[in-house]
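# Commentary on secondary and tertiary structure
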Amino acid sequence: MERAFVIKTVNQHYALNQEILRMLEQFREMMNHCIHVGLAENLTGLKALSSKAYSQLNEYDVMSCYKLCAISAAAGILRNYRKAIRRGEKPPVTSHVKRLRLTTCYGLKIQDGLLLLPYRHREPIRIALTPHVQASIQGYAVRSVTLTGDKLSLAYAKQPVEVKPRGFIGIDRNLDNVTLAATDSSILKYDLSRATIVKTTYRDIRSHMSRNDVRIRREISSKYGQRQREKVKQILHHASKLIVQHAKQERFGIVMEQLTGMRRLYQRGNWQGRRYRSRMNSWSYAELQRQIEYKARWEGLPVIYVYPHGTSVKCSMCGSRMARKPEENRLLHCPKCGVSVDHDVNAARNILARGVRFAPFAL
Ligand SMILES: [Zn+2]
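About the cut-offs
- Residues numbered from 1 in each chain as written.
- Predicted model: local features only at pLDDT ≥ 70, side-chain atom pairs only at ≥ 80, totals over all residues.
- Heavy atoms only, no water.
- Donors = N, O, S within 2.8 Å, 3.2 Å for Na, K, Ca; no water.
- Tetrahedral: all angles 85-135°; square planar, octahedral: opposite > 155°, others 65-115°.
- Buried < 20%, exposed > 50% of the residue type's maximum accessible area, 1.4 Å probe, protein only.
- Pairing = 2+ DSSP bridges.
- Helix = DSSP H or I, 4+ residues; strand = E, 2+ residues; numbered from the N terminus.
- Axes fitted to C-alpha atoms, helices over the stretch in contact; angles between N-to-C directions.
- Contact = heavy atoms within 4.5 Å.

### Examining the coordination of the zinc ion
- For the zinc ion, the full set of protein donor atoms is Cys-315 (SG), Cys-318 (SG), Cys-334 (SG) and Cys-337 (SG), and the range of their distances to it is 2.3 Å.
- Given four donor atoms and angles of 102 to 119° at the metal, the environment of the zinc ion is assigned as tetrahedral.
- Under the relative-accessibility criterion, Cys-334 is labelled buried at 4%.
- What makes Cys-337 partly exposed here is its relative accessible area of 39%.

As structure tokens, then:
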């Protein structure tokens, strides 16, 4: 059986110079050229676009590997453009690309701590890689590089050896913690309260602003939004790292909820707005899952998704509907089997039980 590759990325800053800027601009022009051709000729698919546009890119003085990658990037943009129209969404006013962003998967080399990118015959562009990036990619195959005006990102891959788990952990995510319930009946909680504090600060700042000055408010929200997202991302990275380390150590597969409805809605795209808090939360649910999933797959640990319906209200021992006593807001009681349990733990156990039922492994 062929094993699937898992891709990770690592980023760093770099100093833009004339040659790289020229390459980025050329790449953008080629992309826009291809998008124009694609729209004018109503071409769908990489192959059709490639056979029509490739020869037209002769007028650009760049190595041919960038032409192929520009066509492929343009095909991706055209695909999204058509998808938006099919869904009845308002398509972007212009399909013209303004951002400088180049991705290539051909001809790149890593040598003595340098990234070499094809530029002129036998004269590659050299960019120094940071020690962190060098250490991250050590021993792996670098698949592609993406350059913007100030950052570079390397995608590297491995074929993980699939781990046969000796058990599973169910993961339940709440506003301020992540609760893990394992098949060996151990329970762990990771405190996310730092993320929660960050969100609270944001809300306070925002509610003190005048409602009338929409323009200023928008500016501030977007600046704060970005910073908030970066902060939350760091906290989630820490949590997901610990969770996957634990799973690896114990040789446990991972079971998580399939995100549905509102939570899935805000996974991506324009998540800023009036319902900022709920979007932020929804986004961070999805982001934590994404991180846990790729980190787990990188280690060869299986990841299973289950439907979340009822996981928070059903008894994890007997399946009856649980009751909540108002004076003990974290505890749930089962009227049928008499068990009292923390509601996060109960939910994590329910998620675990659903996953184990569908696990294609004999435990
Ligand atoms: Zn019960």
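### Thoughts on the sheet that holds strand S5 (residues 123-128)
- If you walk across this open sheet you meet the three strands as S3-S4-S5, and the pairing is antiparallel. Across the chains shown, the open sheet's two edge strands, defined by having one partner strand only, are strand S3 (109-111) and S5. Geometrically, the sheet is characterised by an average inter-axis angle of 40° between neighbouring strands, direction not taken into account.
- Both strand S4 (residues 114-120) and S5 contribute to a ladder of five bridges, which runs antiparallel. Bridging from a neighbouring strand, Leu-114 pairs with Ala-128 of S5.
- Where helix H1 (residues 18-40) meets the sheet, its contacts fall on S4 and S5, and the angle it forms with S4 comes to roughly 65°.

### What about the sheet that holds strand S10 (residues 187-191)?
- Taken in spatial order, the five strands make up an open sheet running S10-S9-S8-S11-S12, and their pairing is mixed. Across the chains shown, the open sheet's two edge strands, defined by having one partner strand only, are S10 and strand S12 (303-306). When the angles between neighbouring strand axes are averaged without regard to direction, this sheet yields 25°.
- The pairing of strand S8 (residues 167-173) with strand S9 (residues 177-182) spans five bridges and is antiparallel. Within S9, the residue paired with Arg-173 across the bridge is Val-178.

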